[in-house]
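Residue-level listing of the chains:
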Amino acid sequence: MRGDGIGVNKVVVSKTSLLTRLSRKKKVNSYENNLAGYVFISPWLIGFLLLTVWPVTQSFYLSFTDYPLLADPVWVGVENYTKIFTKDPLFGKSLAVTFSFVLLSVPLKLFFSLMVAMLLNKSLKGMSLYRTAIYFPSLIGGSIAVSVLWRNMFDLNGYINQVLAWFGIQGVGWITNPSTALGTLVLLNAWQFGSTMVIFLAGLKQIPQELYESASVDGAGKFRKFLNITLPMLSPVVFFNLVLGVIGSFQTFTSAFIITKGGPIHSTYMYALFLYEKAFKHYQMGYASALAWILLAIVASLTAINFLVSRYWVFYETDGGKK
Amino acid sequence: MTKRQWLAKGLTLLMVAVLLLVTACSGGNQEAGTKAEGQNGEAGEKSGDSGSKAVKLSIMWWGPDARHEATMKVLDMYSKQHPGVTFTPEYLAWDGYWSKLPTLAASKSITDVLQMDAAYIKEYVGNGTLEDLSDIDLSGIVDPNVIENLKIDGKLYGIPLSQNAGGIAYNKEELEKHGIPLPHQNWTWDEYFDWAREARKKLPEGKYPIGDVTTWDGYQYYQAAYGKGDIMADGGKTFSLDKELFLKFFNTYAEFRKEKIVPPAEQAAAFQENDPQADPMASGVLMTTGKTTGSVSVMETLMPGKVDVVNSPTGPDGGGWAQSTIFLSVSSNSKHKQEAKDFVRWFITDKEAGQVLRLTRGIPINPDIYAELEASLEPKDKLGKKLYDVSVEKALPFFSSAAGYTEWVDAFEAEMENVVYGKQSVEQAYEKINQLGQDLAAKAASK
Amino acid sequence: MNTLHRGYSKVTNHLFLTCFSLLMLYPVIWWVGASLKKTEEMRLPTIWPEVAMWSNYSKGWNFSAEFSFGHFFANTLMMEFWNVLGGVLTSAIVAYGFARLHFKLRGFWFSILLLTMMLPGQVTIVPQYILYNNLGLVDSYIPLILPHFFGGGAFFVFLLVQFIRGIPRDLDEAAKIDGASVYGIFLRIIFPLIKPALVTVAIFTFIWSWDDFFGQVLYLSSVEKFTVGLALRMFIDQFEIQWGQLLAMSLLSITPSVIVFFLAQKHFVEGISTTGLKG
């Protein structure tokens with residue numbers, strides 16, 4: 001077989017989403033098909049059954065207990081849940097903080113990393129060095145050096161304010177001001193765009209060059225190529241980064257933990273930090289487990305919506321051959 | 001190839017993966033296995049010599065590297081003196097220690113012997129994690145009054161290791177430069193506040209005489225100095241936050257915020273204690289700051305020769321604290337309780353061990369051991385010792401939060417932060433803090 | 001397009017990329033400077049120290065009397081080897097199953113896979129620790145390595161599923177006509193084609209397990225088994241932090257990740273366009 005037919009002429013195609021495709025009954029589920037499927041997913045399935053099921057069910061059970069961690073859990077029914085929804089102002093507060101964080105940082109990071117990935121996808125001399133340099137901030141992750149660095153940048157006497165002073169602007173203590181602290185964390189999150197960017201880069205590399213070549217023959221400009229080829233071909237990867245970005249941002253912990261500790265006055269009190277403090281600082285593991293399952297419900301609903309909406313904009317080459 | 005052949009090939013691939021996994025695991029196992037065997041063998045030989053049974057004590061502590069090395073040497077020393085007893089040591093830095101310990105407690109696998117801190121001990125005792133050590137004979141080693149002070153519900157759960165105290169460190173050099181009188185021994189809270197007001201007049205902009213207070217223990221010593229005692233008494237069953245004193249104390253700080261006697265909220269929130277860049281005192285912003293024997297030595301490192309100490313402000317009942325805050329405890333799950341108890345007693349008694357351990361856990365609690373070390377103290381150790389000496393006369397008990405109150409501790413700080421940032425009044429904060437405290441006390445009492 | 005225009009745009013590209021890289025590299029420059037400072041100098045805003053304290057590196061490397069940092073690096077690299085191997089192998093296998101094969105309950109299992117990502121790990125840590133403790137696997141690398149051999153985590157499986165779904169099905173169909181089974185299609189067609197994505201899996205597995213402090217602190221208790229991440233924390237005590245040594249050693253600790261990234265990213269250059277597939 002020759003590789004000349006790689007869907008050059010049928011770029012985009014069916015608008016079926018993964019979810020609907022997965023739930024739809026396909027063909028006959030023959031014995032052989034089933035066997036092959038389970039053989040392939042067995043590494044995950046075995047691990048799931050051996051290592052994941054028990055801790056997960058355990059945490060669900062614990063969410064109905066009072067569990068001070070140092071002593072045994074005591075069954076309390078739905079008490080944790082009622083307390084979270086009716087009596088704990090920090091639940092609403094941390095949820096609000098987390099939602100604003102997700103809404104700000106996910107689109108920012110997606111846009112930024114896609115732009116950078118396009119830039120780094122060119123063939124230029126020294127591209128390896130550029131890529132490594134630009135990926136660098138993402139490598140230092142939650143290292144303690146980041147907290148020192150971030151403070152140097154955004155402190156009352158930090159570099160940002162020194163630069164602002166040249167223009168006669170009196171800056172604030174960005175990290176310690178309740179109205180700007182969350183912004184610095186969003187910025188930090190966007191600055192560490194490397195992982196998302198790398199996935200985009202890998203995705204861009206997978207787009208067959210022939211598509212662009214034939215589009216050039218048709219006289220398409222750069223922007224039209226981006227719109228008609230790059231975006232649709234990349235849409236499964238964009239979708240991946242979106243879904244994972246949402247899931248990951250809801251669980252953002254490290255930056256709030258090492259830089260702001262959730263402050264000032266809870267303006268960066270992320271849900272995951274709230275949960276962590278309940279579990280390991282206040283020794284209320286039952287309560288923390290309830291918080292975790294509530295978060296799971298929220299994130300799962302949002303992800304389901306993401307999958308439902310995806311059928312309108314994500315294109316899978318896979319279905320091309322079927323039509 | 002037929003489909004079946006491909007199937008076979010696929011399965012083989014999977015088998016290879018599993019095989020790799022198994023070898024990876026068993027490799028680790030083997031390593032661990034032979035290692036454990038070797039150690040057991042050693043222990044067995046030794047026990048053969050002495051005829052006593054072999055015991056392996058697990059022990060865990062936190063600290064800097066100097067402490068680890070000294071402790072390892074001392075453990076070897078103990079094994080030589082007591083054939084048959086060997087150790088499985090585990091040591092971590094402070095943060096890692098306290099994030100790991102709850103998980104160990106939850107899985108009932110806390111080490112036989114563990115280092116404890118006064119800030120956490122009540123939580124662990126309250127949940128039955130630690131063994132009662134009251135029957136260990138410490139006469140002639142530790143002052144009976146010290147022991148009495150450390151008892152929780154009449155029982156001793158940790159053998160004290162060192163002397164600690166909480167007082168005030170001040171930037172001597174800078175105060176003298178600006179012609180501000182130095183703080184004097186046994187100053188009262190009123191004198192402290194007046195001193196701050198006076199010092200403000202002489203200090204340049206951007207420098208502040210004292211720091212702000214948002215934490216519960218910052219206030220606790222004020223309440224206790226005026227005779228209103230422990231906020232969380234009876235193991236948390238009685239909660240008493242004195243409204244009058246609370247309002248007086250925090251309204252004074254509210255005034256100070258307006259007068260710029262304490263730094264503004266945005267700046268204060270950026271402080272990082274003991275950090276060379278962001279420490280409130282080392283960065284030259286604050287003239288005074290609360291320190292302990294353990295932490296004041298860092299100040300000496302960061303600003304050599306510039307720091308001096310005085311005791312905390314006092315009231316009619318005293319001020320500050322001076323007491324051991326670091327202990328060795330024994331797990332209530334331990335299978336070798338007697339051996340563990342013997343070891344912890346030896347740890348603070350043996351002179352030879354004392355010579356090796358030196359000041360790696362602070363000023364030794366055993367006066368005989370300290371006497372032998374005194375001649376060789378470094379300036380930073382001397383400063384710590386001085387802080388203890390100036391604090392001990394008027395010292396109040398060391399207050400730590402009762403079991404189940406860490407939530408309240410955080411809430412206190414959060415509510416006061418809201419006051420500092422001008423989001424609510426001191427009185428509103430009081431109501432919320434008091435309400436949560438009363439709720440927790442009711443919960444503790446009902447158990 | 002004329003060559004002049006092309007040359008011009010090349011220069012602007014280089015100029016822009018250089019500036020951008022320098023901006024992103026600013027922390028490294030700051031970091032190198034700070035790692036050579038004395039503790040007292042740390043609070044000054046200067047980037048470079050007056051006198052470079054190279055001893056921060058030599059002292060930091062040998063901070064422990066028993067083991068040098070080389071030992072901790074060896075430990076971590078050994079663990080990483082298995083993690084990457086396990087992650088790359090099994091995630092590809094599992095992803096192929098989900099992306100291409102039709103079997104009973106596929107949608108159900110895939111939803112479960114995604115759900116496992118959404119439950120915050122903090123609440124499963126304790127039961128998981130109890131599980132490993134009961135199996136006697138605590139104080140070994142197994143709890144850290146094992147999960148990578150079970151699909152490498154939902155993140156990677158989902159990532160590869162998306163990539164495989166981007167590969168035209170014509171290729172499978174053609175191979176099928178040639179008599180290849182699903183296993184053959186996976187081995188000869190899909191596996192080679194998702195190489196850029198597999199490189200991504202390898203990079204991320206490496207970097208993320210390097211950073212996984214909480215898991216390492218729980219499961220490794222004897223110092224001889226410490227990873228670099230754990231050893232670094234030994235510079236941080238309750239009151240005092242050995243800043244110079246900490247920054248020096250943490251700078252060294254990220255070099256393997258930088259090298260791995262630098263070497264691995266070259267594979268992004270090979271796109272799918274050269275798919276001269278054998279029948």
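Residues numbered from 1 in each chain as written. Chains lettered and ligands numbered in written order. Predicted model: local features only at pLDDT ≥ 70, side-chain atom pairs only at ≥ 80, totals over all residues. Heavy atoms only, no water.

(A) Layout of the overall build of chain A. Counting secondary structure elements, chain A contains 14 helices and 2 strands. Per-residue burial over chain A gives 61% buried out of 323 residues. Sequence separation of at least 24 residues holds for 71% of the intrachain contacts in chain A that already meet a minimum separation of 6. Total accessible area on chain A is roughly 13,300 Å²; 65% of this is exposed by carbon and sulfur atoms. (Helix = DSSP H or I, 4+ residues; strand = E, 2+ residues; numbered from the N terminus. Buried < 20%, exposed > 50% of the residue type's maximum accessible area, 1.4 Å probe, protein only. Contact = heavy atoms within 4.5 Å. Areas by Shrake-Rupley, 256 points an atom, 1.4 Å probe, with all protein chains shown as cover.)

(B) Region of interest: the nonpolar core. Counting residues in hydrophobic clusters, the biggest one holds 268 residues, and the most contacted among them are B:Leu101, B:Phe343, C:Phe69, C:Phe98 and C:Ile194. The residues contacting C:Phe69, other than those within four sequence positions of it, are C:Gly60, C:Trp61, C:Phe63, C:Val228, C:Ala231, C:Leu232, C:Phe235 and C:Met249. Membership of the second largest hydrophobic core comes to 51 residues, among which are B:Phe193, B:Leu245, B:Phe399 and B:Leu440. (Core = buried A, V, L, I, M, F, W, Y, C linked by side-chain atoms within 4.5 Å.)

(C) Quick look at the interface of chain C and chain A. Of the residues lining the interface, 104 residues belong to chain C; the matching set on chain A comes to 108 residues. Surface buried jointly by chain C and chain A totals about 9,800 Å² across both partners, of which 74% is contributed by carbon and sulfur atoms. Linking chain C with chain A are 0 salt bridges, by the criterion used here. Counting across the interface, chain C meets chain A through 13 residue pairs in polar contact (both at pLDDT 80 or more). In terms of residues, the side of chain C that touches chain A owes the most to one element, helix α1 (residues 3–35) of chain C, which gives 15 residues. (Buried area = accessible area lost by both parts, 1.4 Å probe. Salt bridge = Lys/Arg side-chain N within 4 Å of Asp/Glu carboxyl O. Polar contact = N/O pair within 3.5 Å; in protein donor to acceptor, adjacent residues only side chain to side chain.)

(D) Local environment of the pairing of strand β9 (residues 288–292) of chain B. Residues and elements named next belong to chain B. Of all the 5 residues making up β9, 4 are buried; the element is thus mostly covered by neighbouring parts of the structure. Relative to β9, strand β6 (residues 165–171) runs antiparallel, the two sharing 5 bridges. Across the sheet, residue isoleucine 168 finds its bridge partner in β9, namely glycine 290. (Pairing = 2+ DSSP bridges.)

(E) Expanded view of a nonpolar patch on the surface. The grouping of A:Val163, A:Trp166, A:Phe167 and A:Ile169 at the surface amounts to a nonpolar patch, some 490 Å² of accessible area in total. By secondary structure assignment, the location of A:Ile169 is in the loop between α7 (159–166) and α8 (181–191). (Patch = residues over 30% accessible without salt bridge, like charges linked within 9 Å, V, L, I, M, F, W, Y side chains within 5 Å.)

(F) View of the domain arrangement of chain C. All names here are of chain C. We note that the domain assignment places domain 1 (4–10 + 16–53) and domain 2 (66–268) within chain C. Look at where the C-alpha atoms of domain 1 and domain 2 centre, and you get two points 31 Å apart. Across the boundary between the two partners, domain 1 contributes 6 residues, which contact 7 residues of domain 2. Taking both sides of the interface into account, the surface hidden between domain 1 and domain 2 amounts to around 620 Å²; carbon and sulfur atoms contribute 80%. (Domains from an automatic or database assignment.)

(G) Focus on helix α9 (residues 194–206) of chain A. Taking 1.5 Å as the rise per residue, α9(A) with 13 residues should run 18 Å; its terminal C-alpha atoms sit 18 Å apart, in good agreement. Counting buried positions along α9(A) yields 13 of 13 residues, so the element is predominantly enclosed. (Expected span 1.5 Å × (residues − 1).)

(H) Fine view of the environment of A:Val314. Residue and element names in this part refer to chain A. Among the secondary structure elements, valine 314 is positioned in the segment after α14 (285–310). Of the residues examined, valine 314 reaches a relative accessible area of 0% and is grouped as buried. For the pair valine 314 and valine 237, spaced 77 residues apart in the sequence, the C-alpha separation amounts to 9.0 Å.

(I) Representation of the pattern of salt bridges in the model. On inspection of all chains with the given rule, the structure shows 26 salt bridges over all chains. Between B:Lys291 and B:Glu273 there is a salt bridge, with the nearest N and O atoms lying 2.7 Å from each other. You can see B:Lys291 sitting in strand β9 and its partner B:Glu273 sitting in the loop between α10 (265–268) and β9, a full 18 residues away along the chain. Judged by its relative accessible area of 3%, B:Lys291 falls in the buried class. Residue classification places B:Glu273 among the partly exposed residues on the basis of a relative accessible area of 46%. Between C:Asp172 and C:Arg100 there is a salt bridge, and its shortest N-O distance comes to 2.5 Å. Remark: C:Arg100 occurs in helix α3 (residues 69–100) and C:Asp172 occurs in helix α8 (residues 169–177); sequence separation between them is 72 residues. Overall, the relative accessible area of 4% leaves C:Arg100 in the buried class. Through salt bridges with shared partners, a single ionic network connects A:Lys83, A:Lys278 and B:Glu407.

(J) Structural context of the environment of C:Ala174. All names here are of chain C. Within the secondary structure, alanine 174 sits in helix α8. Exposure remark for alanine 174: the relative accessible area of 18% places this residue in the buried category. Residues alanine 174 and phenylalanine 155, 19 residues apart in the sequence, show an inter-C-alpha distance of 30 Å.

(K) How the structure looks around the sheet that holds strand β3 (residues 113–117) of chain B. Residues and elements named next belong to chain B. Strand order in the open sheet formed by 5 strands is β2-β1-β3-β12-β4, with mixed pairing between adjacent strands. A single partner strand is all that each edge strand has here, and the edge strands are β2 (85–92) and β4 (159–160). As judged from the 8 bridges shared by strand β1 (residues 55–62) and β2, these two strands associate in the parallel manner. Bridge pairing in β2 places lysine 56 opposite threonine 86. Of the strands in this sheet, β1, β2, β3 and β12 (326–330) are in contact with helix α2 (residues 65–81), which crosses β2 at around 170°. (Axes fitted to C-alpha atoms, helices over the stretch in contact; angles between N-to-C directions.)

(L) Just the packing of aromatic side chains, in detail. One pass over the structure, following the stated rule, counts 109 aromatic pairs over all chains. Between A:Phe112 and C:Phe20, the ring centres sit 6.3 Å apart and the planes meet at 85°, which makes this aromatic pair edge-to-face. Taken together, the positions of A:Phe112 in helix α4 (residues 89–120) and C:Phe20 in helix α1 put the pair across two chains. Between the aromatic rings of A:Trp150 and A:Phe154, the centroid separation amounts to 5.0 Å while the plane-to-plane angle is 50°, which identifies the pairing as tilted. (Phe/Tyr/Trp six-rings, centres within 6.5 Å; stacked < 30°, edge-to-face > 60°.)

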